[in-house]
Amino acid sequence: MNEPVVAATKPKLVTLKQGRPYLWCTCGRSQQQPFCDNSHAGTGFEPLRFKPERSGDFLLCQCKHTGDAPYCDGSHNNLGDGYEEASEEEIAASAHFPVTPRDGVEVGKALLDGGCYVRTVDPDALRQQGNIAWSPMIAPEDGANCLALYYLEARDSSDSGADRAIMAFPGSHVALFVLEGEGEIHISGRTFPVGAEQGVYIGADEAFSIEPSTGSGTLRTTITICPQCEEPRWLDQMPENFNAELDERVFAFDPAKREPMADRFYQVLIDDNTGGADMTQFLGEVPKSRAAGHHHLYEETITILSGEGYMWTEGARAAVKPGDVIFLPRRQQHSLECTSEGGMRLVGVFFPAGSPAVNY
Ligand code: FES
């Protein structure tokens, strides 16, 4: 069979009705992308008839190389000349954007367009609970609708004399990520060793505590909560309600599981297959570059692990460095620029679950 024509290297955002039949163009020749206009006649291609399972917005593939037809699965990023980078016009038009200052001296929030922001942990603002020092970084009052993010650091409770703090987010799923250190996480009666750059899933209604290994210093983490929970609930005792149906809880970087996205990579650590939650946690690797402005249908939290650069929105930018947290609202135009020769590594968590490669 002939190769389909690449109608466009981005998906089309369309609003569809549940149960209604649609014909998706498979040949790429239709002038009414992403739908069929009968241009396939004589090509050997036939349109794909489908009925959406819900009403709402969808990203339909226009490159015709998706593995999840008719929906975009991010395959368009691997076509042509590589990941789409900012054009000379886009770079020239934004060259005068000043770097947005923080609302504190070198810490706090740098607010960009549409409620997007970059925040640096303020060590003087950390709250203390037992062996945990913590700070909300993304919360409902920041404009987040689906996700909340906390920075947590744990000290050795035998060393500090503080009790091991036990926290819970009733009804919410938790994706924890270890930024630095090694130790143990206790989840509702089970104990798992954890180390740097590992993701941990904690189920709704479970509780957890974290502790660094003796003599190893501080265990630094972020946790993303979905759905949002205003404040952690601190418990006196660890409940014994570990959900044994989800036995595997710690997910580490594995080069064999890296997915290419042109000259970038990502690895999904937690999603609706490995955890019970409708959210995705992934590790991303970005070379020195500036992506073209793009959008996602999901709400996202991003934590920078290494490398420096800028978070851009349509009319502003903020500097980012390791440890910074970014809040990205749904549909907000943005691009992340890495200015470090060695590239940038990050961890992202977004709702609803899906592929980090899907953008428009
Ligand atoms: S547009 Fe075809 S996979 Fe995204």
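Everything below is about the structure shown above.
Here we summarise the structure given alongside this text. The model shown is predicted, which means the values in this text are computed figures rather than measured ones.

## Here we look at the overall build of the chain
Next, step 1: Regarding its fold elements, the chain presents 2 helices and 28 strands.
Next, step 2: Taking 2.2 N^0.38 as the reference for a compact globule, 360 residues should give roughly 21 Å; the C-alpha atoms of the chain span a radius of gyration of 22 Å, in line with that estimate.
Next, step 3: C-alpha extents for the chain along the principal axes are approximately 75 × 50 × 35 Å.
Next, step 4: Going through the 360 residues of the chain one by one, you find that 51% of them count as buried.
Next, step 5: Taking the intrachain contacts of the chain between residues at least 6 apart in sequence as the baseline, contacts between residues at least 24 apart amount to 69%.
Next, step 6: Positive and negative charge centroids in the chain, built from 29 and 52 side chains respectively, lie 6 Å apart.

## As for the sheet that holds strand β13 (residues 190-194)
Next, step 1: Spatially, the 5 strands line up as an open sheet ordered β13-β12-β15-β10-β17, and their pairing is antiparallel. Lying at the two open borders of the sheet, with one neighbouring strand each, are β13 and β17 (233-235). Recorded for the sheet is a direction-independent mean angle of 30° between the axes of neighbouring strands.
Next, step 2: Examined bridge by bridge, strand β12 (residues 183-187) and β13 share 5 bridges and lie antiparallel to one another. Each bridged residue has a counterpart across the sheet, and for histidine 186 the counterpart in β13 is threonine 191.

## What about the state of the cysteines?
Next, step 1: Scanning all chains against the criterion turns up 0 disulfides.
Next, step 2: Cysteine cysteine 27 remains unbridged, with the sulfur of cysteine 25 as its closest cysteine sulfur at 3.9 Å.

## Quick look at the environment of alanine 277
Next, step 1: Counting through the fold element by element, alanine 277 comes out in the loop between β20 (264-270) and β21 (280-286).
Next, step 2: Judged by relative accessible area, alanine 277 falls into the buried class, the value being 3%.
Next, step 3: Residues alanine 277 and proline 227, 50 residues apart in the sequence, show an inter-C-alpha distance of 9.3 Å.
Next, step 4: The residues contacting alanine 277, other than those within four sequence positions of it, are His173, Tyr201, Asp271 and Asp272.

## Considerations on the sheet that holds strand β5 (residues 108-111)
Next, step 1: Spatially, the 8 strands line up as an open sheet ordered β5-β6-β26-β23-β28-β21-β20-β19, and their pairing is antiparallel. Of all the strands in the sheet, the pair left with one neighbour each is β5 and β19 (259-261). Neighbour-to-neighbour, the strand axes of this sheet turn through a mean angle of 25°, independent of strand direction.
Next, step 2: Bridge analysis of strand β23 (residues 299-306) against strand β28 (residues 344-351) gives 7 bridges, and the strand direction is antiparallel. Paired with threonine 301 across the two strands is valine 349, which belongs to β28.

## Description of unusual backbone geometry
Next, step 1: A cis amide bond links glutamine 33 with the next residue in sequence, proline 34, at an omega value of 5°.
Next, step 2: With an omega of -5°, the peptide bond between phenylalanine 351 and proline 352 qualifies as cis.
Next, step 3: Summarising the element assignment, proline 352 is placed in the segment after β28.
Next, step 4: Unlike most non-glycine residues, aspartate 205 shows phi in positive territory, near 80°.
Next, step 5: Structurally, the position occupied by aspartate 205 is in the loop between β14 (198-202) and β15 (207-212).

## What to know about the packing of aromatic side chains
Next, step 1: Scanning all chains against the criterion turns up 13 aromatic pairs.
Next, step 2: Judged by centre distance (5.8 Å) and plane angle (55°), the ring pair of tryptophan 134 and tryptophan 234 falls under tilted. One end of the pair, tryptophan 134, is in strand β8 (residues 132-138); the other, tryptophan 234, is in strand β17, and 100 residues separate them in sequence.
Next, step 3: Judged by relative accessible area, which is 23%, tryptophan 234 ranks as partly exposed.
Next, step 4: Look at tyrosine 298 and phenylalanine 350: their rings are 3.7 Å apart centre to centre, the planes differ by 15°, and that puts the pair in the stacked class. In this pair, tyrosine 298 is assigned in the loop between β22 (289-290) and β23 and phenylalanine 350 in strand β28, connecting sequence segments 52 residues apart.
Next, step 5: Of the residues examined, tyrosine 298 reaches a relative accessible area of 7% and is grouped as buried.
Next, step 6: Its relative accessible area of 0% is what places phenylalanine 350 among the buried residues.

## Considerations on the side chain of glutamine 281
Next, step 1: Within the secondary structure, glutamine 281 is located in strand β21.
Next, step 2: In this structure glutamine 281 touches Ala175, Leu176, Phe177, Gly199, Val200, Gln267, Val268, Leu269, Ile270, Val347, Gly348 and Val349, once residues within four positions along its chain are discounted.

## Some details on the pairing of strand β9 (residues 148-154)
Next, step 1: For β9, the tally of buried residues reaches 7 of 7 residues, placing the bulk of the element in the interior.
Next, step 2: Every second residue of β9 is oriented toward a common face, with Ala148, Tyr150, Leu152 and Ala154 on one face and Leu149, Tyr151 and Glu153 on the other, all of them buried.
Next, step 3: Here β8 runs beside β9; their pairing, made up of 6 bridges, is antiparallel. Note on β9: the bridge partner recorded for alanine 133 is glutamate 153.
Next, step 4: With 7 bridges connecting them, β9 and strand β16 (residues 219-226) associate as antiparallel partners.

Parameters and conventions
Residues numbered from 1 in each chain as written. Predicted model: local features only at pLDDT ≥ 70, side-chain atom pairs only at ≥ 80, totals over all residues. Heavy atoms only, no water. Helix = DSSP H or I, 4+ residues; strand = E, 2+ residues; numbered from the N terminus. Rg over C-alpha atoms; globule rule 2.2 N^0.38 Å. Buried < 20%, exposed > 50% of the residue type's maximum accessible area, 1.4 Å probe, protein only. Contact = heavy atoms within 4.5 Å. Lys, Arg positive; Asp, Glu negative; His and termini not counted. Charge placed at Lys NZ, Arg CZ, Asp CG, Glu CD. Pairing = 2+ DSSP bridges. Axes fitted to C-alpha atoms, helices over the stretch in contact; angles between N-to-C directions. Disulfide = S-S within 2.5 Å. Phe/Tyr/Trp six-rings, centres within 6.5 Å; stacked < 30°, edge-to-face > 60°.

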